Amino acid sequence: MQTNELHSTKAALASFFDAQQPQPSLCEIRRGIEREVVRTTPHGALSSQDHPAALGSALTHPFITTDFAEAQIELVTPALHDRNATFSSLATLHHFVADKLPANEFLWGASMPPALPADENIAIANYGSSNTGQLKRRYREGLANRYGKRMQLISGIHYNFSLPTAFWQALHRHTRSTKPLEAFISERYFHLIRNVMRHGWVVPYLFGASPAVDQSYVKNKKHFLKQWDNATYYLPWATSLRLSNMGYTSSEQSRFPVRFDSKEAYLSDLCHALTQPSECYTHLNAEQQLNSSVLQLENELYGSVRPKIVSDELRPLYAMCHHGVQYIELRSLDNNPYLPLGIDETQSHFLDVFLTYCALAPSPVLTDEERRIIVQRQELVATEGRRPGLTLPTVNGNIALTKLGKDLLDGMSIIADQFDLAMTTDIHQASINREYAKFEDSTLTPSAQILSDMAAGNLSFQALTQRQSLQHMRTHSQFSAEVAEIDKLHRLAAESLIKQADMETQLDIAFDDFVAQKNNLQCDCETQGAIA
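The present account deals with the structure reproduced in this document. Per chain, residue numbering runs from 1 following the sequence as it is written. For a predicted model such as this one, the threshold for reporting local features is a pLDDT of at least 70, and the threshold for listing and counting side-chain atom pairs is 80 or more; totals across whole chains, interfaces and linings nevertheless cover every residue. For the side-chain quantities, the full set of heavy atoms in the structure was used; hydrogens and water were omitted.

### Re the pattern of salt bridges
What counts as a salt bridge is simple: a side-chain nitrogen of Lys or Arg found within 4 Å of a carboxyl oxygen of Asp or Glu. Taken as a whole and assessed by the stated rule, the structure comprises 22 salt bridges. A salt bridge links D119 to R150; its shortest N-O distance comes to 2.2 Å. Of this pair, D119 sits in the loop between β4 (106-107) and α3 (131-147) while R150 sits in helix α4 (residues 149-152), and the two are 31 residues apart along the sequence. Looking at R150, the relative accessible area reads 15%, which means it is buried. Linking D334 and R242 is a salt bridge whose minimum nitrogen-to-oxygen distance equals 3.0 Å. On the criterion of sequence distance, the pair formed by D334 in the loop between β10 (327-333) and α11 (345-360) and R242 in the loop between β8 (232-234) and α8 (251-254) is long-range, its members being 92 residues apart. Secondary structure elements follow DSSP: runs of H or I no shorter than four residues count as helices, runs of E no shorter than two count as strands, and numbering proceeds from the N terminus. Throughout this description, buried means an accessible area under 20% of the type-specific maximum (1.4 Å probe, protein chains only), exposed means over 50%, and partly exposed covers the range between.

### Brief notes about the packing of aromatic side chains
The geometry of an aromatic ring pair is captured by the separation of the ring centres together with the interplanar angle, meaning the angle of the planes. Here the aromatic set is Phe, Tyr and Trp, taking the six-membered ring for Trp, and pairing holds for ring centres within 6.5 Å; pairs whose planes are under 30 degrees apart are stacked, those over 60 apart are edge-to-face, and all others are tilted. As enumerated under the stated definition, the model contains 13 aromatic pairs in all. Plain terms: the ring middles of F167 and W168 are 5.5 Å apart, the flat faces sit at 85 degrees to each other, and that makes the pair edge-to-face. When the centroid spacing of 4.9 Å and the interplanar angle of 10 degrees are considered together, the rings of Y205 and F439 count as stacked. In this pair, Y205 sits in helix α7 (residues 202-207) while F439 sits in helix α14 (residues 427-440), placing the two residues 234 residues apart along the sequence. Site record: aromatic cluster; members linked through ring pairs are F16, F17, F167, W168 and Y189. Above the face of the Y127 ring, K136 is positioned so that its terminal group lies 4.9 Å from the ring centre. Only lysine NZ and arginine CZ atoms are considered, and such an atom sits over a ring when it is within 6 Å of the ring centre and within 35 degrees of the ring normal.

### What to know about the pairing of strand β3 (residues 72-76)
Across the five residues of β3, five count as buried, placing the element largely inside the fold. Hairpin remark: strand β2 (residues 64-66) followed by β3, antiparallel, with five residues in the connecting loop. Being paired, for any two strands, means DSSP has found at least two bridges between them.

### Concerning the state of the cysteines
Pairs of cysteine sulfur atoms within 2.5 Å are identified as disulfides in what follows. What the rule picks out here adds up to one disulfide. The residue that forms a disulfide with C271 is C523, at a sulfur-sulfur distance of 2.1 Å. As the torsion about the S-S bond is roughly -100 degrees, the C271-C523 disulfide counts as left-handed. Of this pair, C271 sits in helix α9 (residues 263-275) while C523 sits in the segment after α18 (511-519); the two residues are 252 residues apart in sequence, bridging distant segments of the chain. By relative accessible area, which is 0% here, C271 ends up buried. A relative accessible area of 45% places C523 in the partly exposed class.

### Details of helix α17 (residues 483-505)
If you check α17, its first and last C-alpha atoms are 34 Å apart, about what 23 residues at 1.5 Å a residue would give, namely 33 Å. Buried residues of α17: I486, L489, L492, A493, S496 and Q500, and no others. Here, residues are in contact when the closest pair of their heavy atoms is within 4.5 Å. Residues of α17 that are buried in the fold lie against α2 (83-100). Take the number of residues in a helix, subtract one, and multiply by 1.5 Å to get its expected span.

### Observations concerning the sheet that holds β8
Pairing in this open sheet of three strands is antiparallel, and the strands run β6-β8-β7 from one edge to the other. In this open sheet, the two strands that pair with only one neighbour each are β6 (212-214) and β7 (226-229). The mean inter-strand angle of the sheet, taken between neighbouring strand axes irrespective of direction, is 35 degrees. In the sheet, β7 pairs with β8 via three bridges, with the strands oriented antiparallel. Bridged to Q227 within β8 is Y233. Axis geometry follows a simple rule: fit a line to the C-alpha atoms, using only the stretch in contact for helices, then measure angles between N-to-C directions, giving values from 0 to 180 degrees. Sheet contacts for helix α15 (residues 446-457): β6, β7 and β8; angle to β7, the most-contacted strand, approximately 45 degrees.

### Things to note about the environment of E345
Assignment of secondary structure puts E345 in helix α11. Filtering out sequence-adjacent residues up to four positions away, E345 remains in contact with R83, N84 and F87.

Below, the structure is given as structure tokens:
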């Protein structure tokens, strides 16, 4: 960011807060966390056991499910105003799971997978015999056939974030928008998303925690990684191989870019990807995927951030068309193997400030050139982010990563001050200062710490992660969860199993017909009714 742009942005932010006084609304931000984590054996290999029945049904439990693989648990907190309650909920879920795991199993603390067996021995998640359960399974079969099972075993953290209506009302007044509030809110969420794409490289630099992988991940695969030891490959300046071209990416999707200029542009491009047959997938038969489109379902769209809406009646495309955007999902967070929950409250403070800044800072439409620059920038930060003297491409030419980062945090500091004023604290500004120090000294980043500890202990990636994961399992087991919350999770587990059984006995349509209905997508979503 150039100096005049920075001053202009800071002045505009100060004007909004001085004129509209929206600080109280910052206390009403909702945030939720989804954490993917793999179950492993005592030796750090992928578990071959089924999802524990004591955890309930992975199909119908609201907070404990599975992601791609049967051994890949996903823990989901509700969206709450109270940050302490959010992290208490996440810790309680970990405690409950740790108590119900088979003997000697533990939760793998890193984003990149543990030691993986041959693909045929990686079990795709099983959701039972209901049409919905079979569809979830078929979708995952498609993911396996399109991208390979190893890539799907990469885990991460999704940070769900929504600003309250009162905040949007204040901004609506301040900008003198003539749009209805609901349309304005959706517009500003896409505004926020474009800025996350612009500035989001800061997330892997500051919080990336996957500079190394187990050798089994790259077995029989061309790669550019260096060998650490017989069990590990790495890159010396990497921050997040998970976010690099070695990680969770799709070259086919990149041929069909989705615009974030507006709700209408986004839905048009998304629907095109959902209905456009891909030459890469037409050779797969009907039992190997849901369909041959670029995207089988909306959730297959990769990226660092997504607009989201919750609806029990409408599929996501139609729900967003009719009701707009409710929140955003930040998807670029690695599991930090040094943190029991993979993320902590200090990181959450920073993310709230960052995302609010993205909602308020100028956010012009992304040109094709800027899109290309963003992709280049992310790959550079993911693979070389800590390299001394690294410069990053921008629309204004190459600029030192450290300058870009410091300027960004300088602009964010105004937002941090407003958060602290609203909550009578100094924790948000402290979070900015903590991350600012990482631009002064990259050895403070998690990715650098991981490689340093591997070197100091002569450890492989697997050995270091296993050591940390075992420590975290003791933390999970010893967590003092509220009895009422544990009782609730027991009740939900039992109820979810009953609900799945009921779904399996109430099949009113053949599965092939069910899939055909799901695949019958109309891009004129304004005219569509309820299709879940």
